[in-house]
Amino acid sequence: MHKEKIRPIKAGCRINDAIFSKVVAHAMAGKFATERDIAKFINAQIRKAGARNAFPPIVAIGKNAVDWHHKPTGARLAEGGFCVIDFGARVNRYCSDMTRTIYFGKASAKEKRIYSLVRRANEKSILKVKAKSDGNDIYKYSRRLLGGYARYFGHGLGHGLGKIIHARPRLSRKKGRLLQEGDVVTIEPGVYIPKNFGIRIEDDVLVTKKGHKLLSHSTKELIEIQTVEFGIRR
Ligand SMILES: [Mn+2]
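Residues numbered from 1 in each chain as written. Predicted model: local features only at pLDDT ≥ 70, side-chain atom pairs only at ≥ 80, totals over all residues. Heavy atoms only, no water.

Participant: Any chance you could explain the coordination of the manganese ion here in plain terms?
Facilitator: Working reference: metal with six octahedral donors, ideal angles 90 or 180 degrees; metal with four tetrahedral donors, ideal angle 109.5 degrees. Bound to the manganese ion on the protein side are Asp97 (OD), His159 (NE2), Glu188 (OE) and Glu202 (OE), at distances that span 2.1 to 2.4 Å. Donor residues for the manganese ion, ordered by position in the chain, follow D-x61-H-x28-E-x13-E. One end of the pair, Glu188, is in the loop between strand S9 (184-187) and strand S10 (190-193); the other, Glu202, is in the loop between strand S11 (197-200) and strand S12 (203-207), and 14 residues separate them in sequence. Taking the relative accessible area as the measure of exposure, Glu188 reaches 9% and is therefore buried. On the basis of relative accessibility, which here comes to 0%, the residue Glu202 falls in the buried class. (Donors = N, O, S within 2.8 Å, 3.2 Å for Na, K, Ca; no water. Helix = DSSP H or I, 4+ residues; strand = E, 2+ residues; numbered from the N terminus. Buried < 20%, exposed > 50% of the residue type's maximum accessible area, 1.4 Å probe, protein only.)

Structure below.
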């Protein structure tokens, strides 16, 4: 019954996973110099896969990621730090949406700790996704998981995916309708430290009768890109 929606979103998620792997490989090979280089590569790969963009990719290095909707610029990746990469393939008009945060250079112990906190909020919140669960409850739960860093989490936890990118149901500070079987929702906690850095980890999750099915499979291990150039800098 939801097949016409679920099949293309799953296909979009597969495309996103494949593109993310390529982005990492190319970054490790030192093929990207700027945010815009990564965004252009993603755009080309989405087209190559026969899909379209669900929205313009976000690539944000360092403090640029404090703006959740940052538009990729000529900012140099060699500046180092976390890099938020948020994009989605649109297949048969249905949107998918995924974010991974990688690191250019070597993350400090503190940065690794905050990254782990966001990852844990993502993974534990996903476990709460099932039919009849309340998005507002899951949102509040994710904030508890972030502890003192919740004050740096300023957007919603997630949204439905459909022909529009920010569909219902919302998982946010506002009460909305309950999740139902056949919904595909995003789970995307983030921490944004003003003038410093941003981290966001986002997956697409299908709501099933008894629980959920994770549709995004890209690794959430923190990937540190340490080409020779970055090794010298940090
Ligand atoms: Mn999203």
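Participant: Is there a simple way to think about the packing of aromatic side chains in this case?
Facilitator: For any pair of aromatic rings, the description rests on two quantities: the centre-to-centre distance and the angle between the ring planes. Summed over the entire model, instances satisfying the criterion amount to 7 aromatic pairs. Ring centres of Phe32 and Phe41 lie 5.4 Å apart, and the angle between their planes is 65 degrees; on these two criteria the pair is classed as edge-to-face. Summarising the burial analysis for this pair, Phe32 and Phe41 share the class buried. Here the aromatic rings of Tyr149 and Tyr152 are separated by 6.1 Å at their centres, their planes lie at 45 degrees, and the arrangement is tilted. Relative accessible area serves as the criterion here: at 22%, Tyr149 is assigned to the partly exposed category. Exposure remark for Tyr152: the relative accessible area of 22% places this residue in the partly exposed category. (Phe/Tyr/Trp six-rings, centres within 6.5 Å; stacked < 30°, edge-to-face > 60°.)

Participant: For this particular structure, what's the right way to read the sheet that holds strand S4 (residues 89-91)?
Facilitator: Strand pairing in a sheet relies on backbone hydrogen bonds, with the paired strands running either antiparallel or parallel. Ordered by their spatial adjacency, 3 strands build an open sheet running S1-S4-S5, and the pairing between neighbours is antiparallel. Edge positions in the sheet fall to strand S1 (52-53) and strand S5 (94-95), since each has one partner strand and no second. Sheet analysis places S1 next to S4, joined by 2 bridges and oriented antiparallel. Bridge pairing in S4 places Arg52 opposite Arg90. The sheet strands contacting helix H1 (residues 3-28) are S4 and S5, and the helix crosses S4 at an angle near 145 degrees. (Pairing = 2+ DSSP bridges. Contact = heavy atoms within 4.5 Å. Axes fitted to C-alpha atoms, helices over the stretch in contact; angles between N-to-C directions.)

Participant: What's the story with the environment of Arg93 in this structure? I'm lost.
Facilitator: With respect to the helices and strands, Arg93 occurs in the loop between S4 and S5. Judged by relative accessible area, which is 57%, Arg93 ranks as exposed. For the pair Arg93 and Gly80, spaced 13 residues apart in sequence, the C-alpha to C-alpha distance is 36 Å.

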